[in-house]
Amino acid sequence: MHAVKPAFVNVNMLLFYTEKSKLSLKSLGRDRSMELAVTIFILNALYISINTFRTMLVVKGHQFLAPLVAVGEELIYVIALAIALDHIDSPLNVASYAVGFGVGIYIGIVIENKIALGYVNFQVTVQIDPENPVHAHNEELAEKLRNLGYGVTVSRAEGRSGARLVLSILAPRKADRRLMEQIKEISPDAFIMVQEPVQLSGGFWSKEVDRRYHGANNH
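Calculation criteria
Residues numbered from 1 in each chain as written. Predicted model: local features only at pLDDT ≥ 70, side-chain atom pairs only at ≥ 80, totals over all residues. Heavy atoms only, no water. Buried < 20%, exposed > 50% of the residue type's maximum accessible area, 1.4 Å probe, protein only. Helix = DSSP H or I, 4+ residues; strand = E, 2+ residues; numbered from the N terminus. Arc of directions from axis to C-beta. Contact = heavy atoms within 4.5 Å. Pairing = 2+ DSSP bridges. Axes fitted to C-alpha atoms, helices over the stretch in contact; angles between N-to-C directions.

**Some details on helix H6 (residues 176–186)**
For H6, every residue scored as buried is listed here: Leu179, Gln182, Ile183 and Ile186. Taken end-on, H6 shows its buried residues confined to a sector of 100°, consistent with a single buried face. Of the exposed residues in H6, the ones pointing more than 90 degrees away from its buried face are Arg177, Glu181 and Glu185. The inward-facing, buried residues of H6 contact strand S1 (119–127), helix H4 (136–139), helix H5 (141–147), strand S3 (162–172) and strand S4 (191–195).

Written out as structure tokens, the structure is:
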């Protein structure tokens, strides 16, 4: 009996460690699968965010910066696609790739908005009437915006209900929200249309706009 008992104990211990090893391998497999899914998600999100940003650069006509960004974009794309295709049989990896795509678009838009390259042109139409004090503040709008550092060109127009002032205002794109708030604060009834010029030449543009805007807003 004493000779059989140790053998019985050894068999049980062997079974115990065998099951433990199987569980460890399964756990390790799950960990590796999760790491792979996270890697695919990060790479695809990074690729798509750069792709979105690069597309905006192309639309805005940045002919030197856009190709440089495209080089990094394609490098990440090749790596992400190779990993994804090698493990396309896993639903988790497919989901990671898809979610990374959506997140990448969002990140790309956020990056572009933060950098805010280029300029915007505001066309602001306000009603004027010398006999109506309600519209008196509209006649002061152009000069107040100039004092804030913006370039303003004023034209007179005729609307259905009377005279109008049409203001064309160029500003750095990073200042567009601030300018919108300033216009509404001075002339709450103003009609505002915002356009993004692709190319500028001559007049009160680019460097002069930046210089005057930053000079007025740094005091």
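So, next bit.
**Here we look at the environment of Glu185**
Here Glu185 lies in helix H6. You can call Glu185 exposed: its relative accessible area is 66%. Through-space distance from the C-alpha of Glu185 to that of Leu141 is 10.0 Å; in sequence the pair is 44 residues apart.

**Quick notes on the environment of Ala175**
Take Ala175: it is sitting in the loop between S3 and H6. Given a relative accessible area of 1%, Ala175 falls into the buried group. The spatial distance from the C-alpha of Ala175 to the C-alpha of Ala116 is 8.7 Å, given a sequence separation of 59 residues.

**Description of the sheet that holds S4**
Pairing within the open sheet is antiparallel, and its 4 strands lie in the order S2-S3-S1-S4. The open sheet has two edge strands, strand S2 (151–159) and S4, and neither has a second partner. Sheet twist, expressed as the average angle between the axes of neighbouring strands with direction ignored, equals 20°. Where S2 meets S3, 9 bridges bridge the pair, whose relative direction is antiparallel. The residue of S3 that forms the bridge with Val152 is Ile169. In the packing of H6 onto the sheet, the strands contacted are S1, S3 and S4, and the crossing angle to S1 comes to about 10°.

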